[in-house]
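Fold and geometry: a report
Take a look at the letters that make up each chain.
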Amino acid sequence: MPHGNSYGELVLCGIFVIVFLMYFGLLFRKRWYILVPKKERKWRIRGIMKYVRQFLIILVISFIGELLRYYIPLKIPASIYGLVLLFAALELRIIKLVSIRETSRFLIEIMPLMFVPAGVGLLSSWGVLKPVCVPIMVIVLISTIIVMAVSGKVTQGVIRDR
């Protein structure tokens, strides 16, 4: 396993499912019955299935990205393949934006939670990172300043052209 991120993706999927269930009140049945009157439960389940369908679309694209990483001998992470595939499918109108909009918004809302496993991975390899910590910090600082300056200049140029 060249990138070692498949287990992390499984953990993130598990975290996503738990947060998803908590978000819609399905993890705790008591809340489920309090929020939804008896006559509206059928509609609530249909709405939940819409989110499950959207999430499955994203997972299938991600799985295809994993397959591409396995079969194409480039050192490109599977998530990049998945992003490119999803972008191409949206641009070519193979997948309509409406069919993944709500779940993708939800994923963006919980994005800070997705960085926890990466942070833990950095802490677990602190022995390797310690000798190169100062050069990495300098590079990150300089590249951040360069990106901010270039982004500001491009934004100013776009605003002036209008």
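The structure presented is a predicted model; accordingly, all values stated were derived computationally and were not measured.

**Digging into the overall build of the protein chain**
- Secondary structure summary: the protein chain contains 9 helices and 0 strands in total.
- Each helix and strand of the protein chain, ordered N terminal to C terminal, gives the series α-α-α-α-α-α-α-α-α.
- Within the protein chain, the fraction of its 162 residues that count as buried is 16%.
- Looking at the protein chain alone, contacts between residues at least 24 apart form 53% of all its contacts between residues at least 6 apart.

**Here's the deal with the confidence of the model for the protein chain**
- Predicted confidence across the protein chain gives a mean pLDDT of 79, with 71% of residues reaching 70 or more.
- Across residues 28–34, where pLDDT falls below 50, the model places 12 contacts with residues more than four positions away in sequence or in other chains.

**Observations concerning the environment of Ala89**
- With respect to the secondary-structure elements, Ala89 resides in helix H4 (residues 78–91).
- On a C-alpha basis, the gap between Ala89 and Ile61 in space is 9.4 Å, while along the polypeptide they are 28 residues apart.
- With residues up to four places along the chain from it excluded, the contact list for Ala89 reads Ile94 and Ile95.

**Some details on unusual backbone geometry**
- In the Ramachandran plot, Arg93 falls in the positive-phi region, its phi being about 60 degrees despite a non-glycine side chain.
- Assessed through its relative accessible area of 67%, Arg93 is described here as exposed.

**Quick word on a nonpolar patch on the surface**
- A contiguous nonpolar surface patch, about 610 Å² in accessible area, is contributed by Val134, Val138, Ile142, Ile146, Val150, Val154 and Val158.
- When its relative accessible area of 62% is taken as the criterion, Val134 is described as exposed.

**Regarding the packing of aromatic side chains**
- A full pass over the atoms with the stated rule returns 1 aromatic pair.
- Plain terms: the ring middles of Tyr70 and Tyr71 are 5.0 Å apart, the flat faces sit at 80 degrees to each other, and that makes the pair edge-to-face. Grouping residues by exposure puts Tyr70 and Tyr71 together as exposed.
- One residue, Lys50, lies across the ring of Tyr51, its end atom 5.2 Å from the ring centre.

**Quick word on the side chain of Glu66**
- Tracing the backbone through its elements, the reader meets Glu66 in helix H3 (residues 41–71).
- Within the local environment of Glu66, its side chain forms a polar contact with the side chain of Arg69, the two groups lying 3.1 Å apart.

**As for the nonpolar core**
- Counting 6 residues, the largest nonpolar core consists of Ile58, Ile61, Leu86, Ala89, Ile95 and Ile100.
- For this core, the secondary-structure elements that each account for two or more residues are H3 and H4.
- Setting aside residues up to four positions removed in sequence, Leu86 forms contacts with Ile61, Ile95 and Ile100.

**What about the side chain of Arg69?**
- Here Arg69 lies in helix H3.
- Overall, the relative accessible area of 13% leaves Arg69 in the buried class.

Thresholds applied
Residues numbered from 1 in each chain as written. Predicted model: local features only at pLDDT ≥ 70, side-chain atom pairs only at ≥ 80, totals over all residues. Heavy atoms only, no water. Helix = DSSP H or I, 4+ residues; strand = E, 2+ residues; numbered from the N terminus. Buried < 20%, exposed > 50% of the residue type's maximum accessible area, 1.4 Å probe, protein only. Contact = heavy atoms within 4.5 Å. pLDDT = per-residue confidence, 0-100. Patch = residues over 30% accessible without salt bridge, like charges linked within 9 Å, V, L, I, M, F, W, Y side chains within 5 Å. Areas by Shrake-Rupley, 256 points an atom, 1.4 Å probe, with all protein chains shown as cover. Salt bridge = Lys/Arg side-chain N within 4 Å of Asp/Glu carboxyl O. Phe/Tyr/Trp six-rings, centres within 6.5 Å; stacked < 30°, edge-to-face > 60°. Lys NZ or Arg CZ within 6 Å of the ring centre and 35° of its normal. Polar contact = N/O pair within 3.5 Å; in protein donor to acceptor, adjacent residues only side chain to side chain. Core = buried A, V, L, I, M, F, W, Y, C linked by side-chain atoms within 4.5 Å.

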